[in-house]
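Working through the structure, step by step
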Amino acid sequence: MSTDATYFADMEAKIPHGKTRTRFAPSPTGYMHVGNLRTALYTWLIARNQKGTFILRIEDTDQGRLVEGAVDVIYRTMTECGLSHDEGPDVGGPVAPYIQSERRDTYGKYAHLLVEKGCAYYCFCEKTESQEDSGDFSRGEDPCRSLTAEEVQAKLNAGLPYVIRQKIPREGSTTFHDAIFGDITVENSELEDQILLKSDGLPTYNFANVIDDHLMGITHVVRGSEYLSSAPKYDLLYRSFGWEIPTYVHCSPVMRDQHNKMSKRYGDPSYEDLKAQGFLTEAILNYVALLGWSPRGEQAEQEIFSLQELAEAFDIGGISKSPAIFDIGKLTHFNALYLRAMTPEAFHAVAEPYIRQAVKNPALDTKEIAALLQARCERLTEIPEKIGFFETLPAYEKDLFTNKKSKTNDEVSKAMLEAAIPALESLPGWTQDSIHDCLIGLAEKLAVKNAALMWPVRIAAAGCAVTPGGAVEICRILGREETLRRLRLGLEKL
RNA sequence: GGCGCCAUAGUCAAGCGGUCCAAGACAUCGCCCUUUCAAGGCGGUAACCUGGGUUCAAAUCCCAGUGGCGUCACCA
């Protein structure tokens with residue numbers, strides 16, 4: 001026992017004190033869903049806001065659920081999002097290791113310490129169905145709860161498998177405090193003697209979390225509200241050890257609709273899915289931050305926040321209690337805003353691969369196409385379909401030439417194209433201004449509205465009703481030769 | 001079902017007893033501008049779950065009902 005006493009003393013001695021310390025503690029199941037991302041973000045934000053330390057811890061105590069490569073997904077997502085951690089499996093730190101499967105001995109020692117303190121007990125029962133159904137089994141009715149030390153020793157000597165259960169007081173109630181929900185009181189009789197150490201010697205999440213959060217000096221425990229009903233048991237555990245209780249921050253879930261949480265099962269997008277759908281990381285983070293949190297005071301109206309601005313503005317008091325439904329439409333709007341706010345160079349850089357998906361002809365300048373796209377694109381993935389016409393003229397019906405607002409029909413369009421073709425043929429230069437002046441001048445000469453001329457030209461040049469940019473831009477980018485070829489083809493239809 | 005939590009427009013939400021016949025944003029609808037669609041500008045429709053209290057005064061506090069969510073694993 002004396003060696004254990006020094007062990008515990010050593011562990012306690014390592015715990016950093018004073019600064020805010022938060023941790024994101026995912027289990028490696030291979031999927032960073034939006035709710036997870038938001039929890040990670042809020043956790044990071046609390047640490048950064050208070051100039052504290054952000055820790056990444058991997059919770060892999062369930063041997064059956066490990067997913068190959070899942071940890072990499074977590075690292076990659078965190079890095080891409082700029083949610084840098086100060087301590088973690090890959091960077092180490094004063095309270096290493098940061099992977100729970102590597103801390104196995106620690107949990108065992110603390111579980112046995114709790115047994116010594118009389119706050120936990122060995123349980124040799126094999127759960128039967130009737131016991132499960134009765135519900136009494138683990139609520140103070142477990143026969144193993146009252147085994148004598150001798151009986152326990154005998155069973156241990158016999159090599160019987162066991163778990164260690166928390167011994168919940170039978171009487172009274174437990175009140176814990178949550179930063180979002182306030183004080184919550186639960187009757188102890190409602191709490192079960194939960195398993196702390198499984199028969200494989202590994203801790204349950206509920207136990208490992210408390211041990212690690214304490215040993216790592218975590219000041220703010222941020223997690224999903226599904227843990228709210230377990231929180232009183234955590235409090236009891238902290239008290240049994242005589243440890244200081246951290247600030248709980250239980251966040252309500254991100255929902256796919258009124259009834260269901262976002263989940264992989266229903267095909268709801270993960271962070272990586274959203275990226276693949278053409279959303280920018282910054283827009284995703286900004287939107288997700290506001291899904292369940294809103295700024296206070298003079299920033300109450302602000303919606304666009306950089307990660308840095310979020311870190312400065314974030315406060316726990318602004319986190320909302322009720323679940324929030326994920327609205328891809330609003331995310332799309334945020335994405336459009338971010339896309340437009342980029343410099344033309346930056347936009348071109350992200351858009352180019354999408355442009356090249358549809359436009360392979362090297363004569364077509366991706367910079368010019370990107371410039372047209374920037375103000376009329378909400379998601380990068382919609383780019384190819386918007387600009388396919390630059391590469392090949394789509395097959396189109398001649399009724400596209402009819403537009404009531406522009407006052408065009410077949411006859412008018414025919415006349416317009418007949419006039420435009422020679423004018424463009426003889427145009428000295430081929431620039432935005434020269435084409436513009438040429439066509440506007442022509443409309444004036446023909447005494448028609450600009451639209452009456454522009455509409456047929458654009459339709460013939462693009463072959464589709466909706467285009468990024470107007471007739472002039474399209475002609476310019478296509479080049480004179482291709483433009484004229486297309487206008488003649490259009491004329492043939494009429 | 002027990003226990004716990006939550007409840008402002010279709011959605012995200014401000015509101016912490018009077019300044020609320022309730023802000024802002026997305027979506028939606030209409031108008032303007034325009035070389036089409038879009039973008040941009042302007043404007044409209046749309047909410048305090050219900051019922052009781054407390055109070056001079058309630059979206060805001062209390063209680064009940066209803067609804068929703070969570071939880072009741074050797075999963076996290």
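Residues numbered from 1 in each chain as written. Chains lettered and ligands numbered in written order. Predicted model: local features only at pLDDT ≥ 70, side-chain atom pairs only at ≥ 80, totals over all residues. Heavy atoms only, no water.

**A few points about the overall build of chain A**
- Per the secondary structure count, chain A includes 20 helices and 11 strands.
- Against the 2.2 N^0.38 benchmark of 23 Å for 494 residues, chain A shows a C-alpha radius of gyration of 33 Å, more extended than a compact globule.
- Expressed as lengths along the three principal axes of its C-alpha atoms, the size of chain A is roughly 110 × 50 × 40 Å.
- The buried share of chain A, taken over its 494 residues, is 50%. (Helix = DSSP H or I, 4+ residues; strand = E, 2+ residues; numbered from the N terminus. Rg over C-alpha atoms; globule rule 2.2 N^0.38 Å. Buried < 20%, exposed > 50% of the residue type's maximum accessible area, 1.4 Å probe, protein only.)

**Quick notes on the pattern of salt bridges**
- The final tally for this structure, using the stated rule, is 22 salt bridges.
- Residue K275 pairs with E80 through a salt bridge whose shortest N-O separation is 3.8 Å. Placement of K275 in helix α9 (residues 271-276) and of E80 in helix α3 (residues 70-81) is noted, with a sequence separation of 195 residues between them.
- Two residues, E226 and K261, come together in a salt bridge whose shortest N-O distance is 3.9 Å. Pair noted here: E226 is in the loop between β8 (220-224) and α8 (231-241) and K261 is in the loop between β10 (254-255) and α9, with a separation of 35 residues, a long-range link.
- On the accessibility criterion, K261 (41% relative accessible area) is partly exposed. (Salt bridge = Lys/Arg side-chain N within 4 Å of Asp/Glu carboxyl O.)

**Comments concerning the protein's contact with RNA strand B**
- The full set close to RNA strand B counts 59 residues, and K198, R296, E303, R458 and G469 are the nearest of them.
- S27 is positioned such that a nitrogen or oxygen atom in its side chain is 3.4 Å from a sugar or linking oxygen of RNA strand B.
- One of the backbone N or O atoms of G470 is found 3.0 Å from a base oxygen in RNA strand B.
- Of all elements in the fold, only β6 (182-187), α7 (205-215), β11 (324-325), α12 (328-341), α18 (450-462) and α19 (471-478) reach the threshold of two or more residues within the surface near RNA strand B.
- Among the elements that take part in the surface near RNA strand B, α18 stands out by supplying five residues, more than any other.
- Each residue belonging to the surface near RNA strand B can be placed in one class, and the counts come to 19 nonpolar, 21 polar and 19 charged. (Near = heavy atom within 4 Å. Polar contact = N/O pair within 3.5 Å; in protein donor to acceptor, adjacent residues only side chain to side chain. Nonpolar A, V, L, I, M, F, W, Y, C, P; charged D, E, K, R; others polar.)

**Structural notes on the environment of Y107**
- Position of Y107 among the secondary structure elements: in helix α4 (residues 104-116).
- Residue Y107 is classed as buried on the basis of its relative accessible area, which comes to 0%.
- Sequence-wise, Y107 and T381 are 274 residues apart; in three dimensions their C-alpha atoms are separated by 48 Å.
- In this structure Y107 touches Q100, L197, P203, F207, A208, I211 and D212, once residues within four positions along its chain are discounted. (Contact = heavy atoms within 4.5 Å.)

**A short note on unusual backbone geometry**
- The omega angle of the peptide bond from A96 to P97 is 0 degrees, so this bond is cis rather than trans.
- Looking at the secondary structure, you find P97 in the loop between α3 and α4.
- Positive phi, normally seen in glycine, also occurs at K51, with a value near 55 degrees.
- Examined against the element boundaries, K51 turns out to sit in the loop between α2 (34-49) and β2 (53-56).
- Given a relative accessible area of 65%, K51 falls into the exposed group.
- With phi around 60 degrees, K407 is a residue other than glycine that occupies positive phi space.

**Some points on the layout of surface pockets**
- Of the voids in this model, the largest pocket is the one considered here, and its volume is about 1,100 Å³.
- In this structure, the largest pocket is lined by 41 residues; those nearest its centre are S27, H33, N36, E226 and Y227.
- The set of elements that each furnish at least two residues to the lining of the largest pocket consists of β1 (21-24), α2, α3, α7 and β8.
- Looking at which element gives the most residues to the lining of the largest pocket, the answer is α2, with four residues. (1 Å grid on protein atoms, 1.4 Å probe; cavity = no way out; pocket = protein on both sides within 12 Å on 5 of 7 lines; lining within 4 Å. Points joined across faces, edges and corners; volume = space filled by probe spheres on them.)

**Considerations on the confidence of the model for chain A**
- In this model, chain A carries an average pLDDT of 92, and 97% of its residues clear a pLDDT of 70 or more.
- Considering only residues more than four positions removed or in separate chains, one finds that residues 128-138, a stretch of pLDDT under 50, has 14 contacts.
- Across the whole predicted complex the pTM is 0.94, and at the interface the ipTM reaches 0.95. (pLDDT = per-residue confidence, 0-100.)

**Things to note about the state of the cysteines**
- Under the counting rule described, the total for this entry stands at zero disulfides.
- With no disulfide of its own, C144 has C125 as its nearest cysteine by sulfur position, at a separation of 3.2 Å. (Disulfide = S-S within 2.5 Å.)

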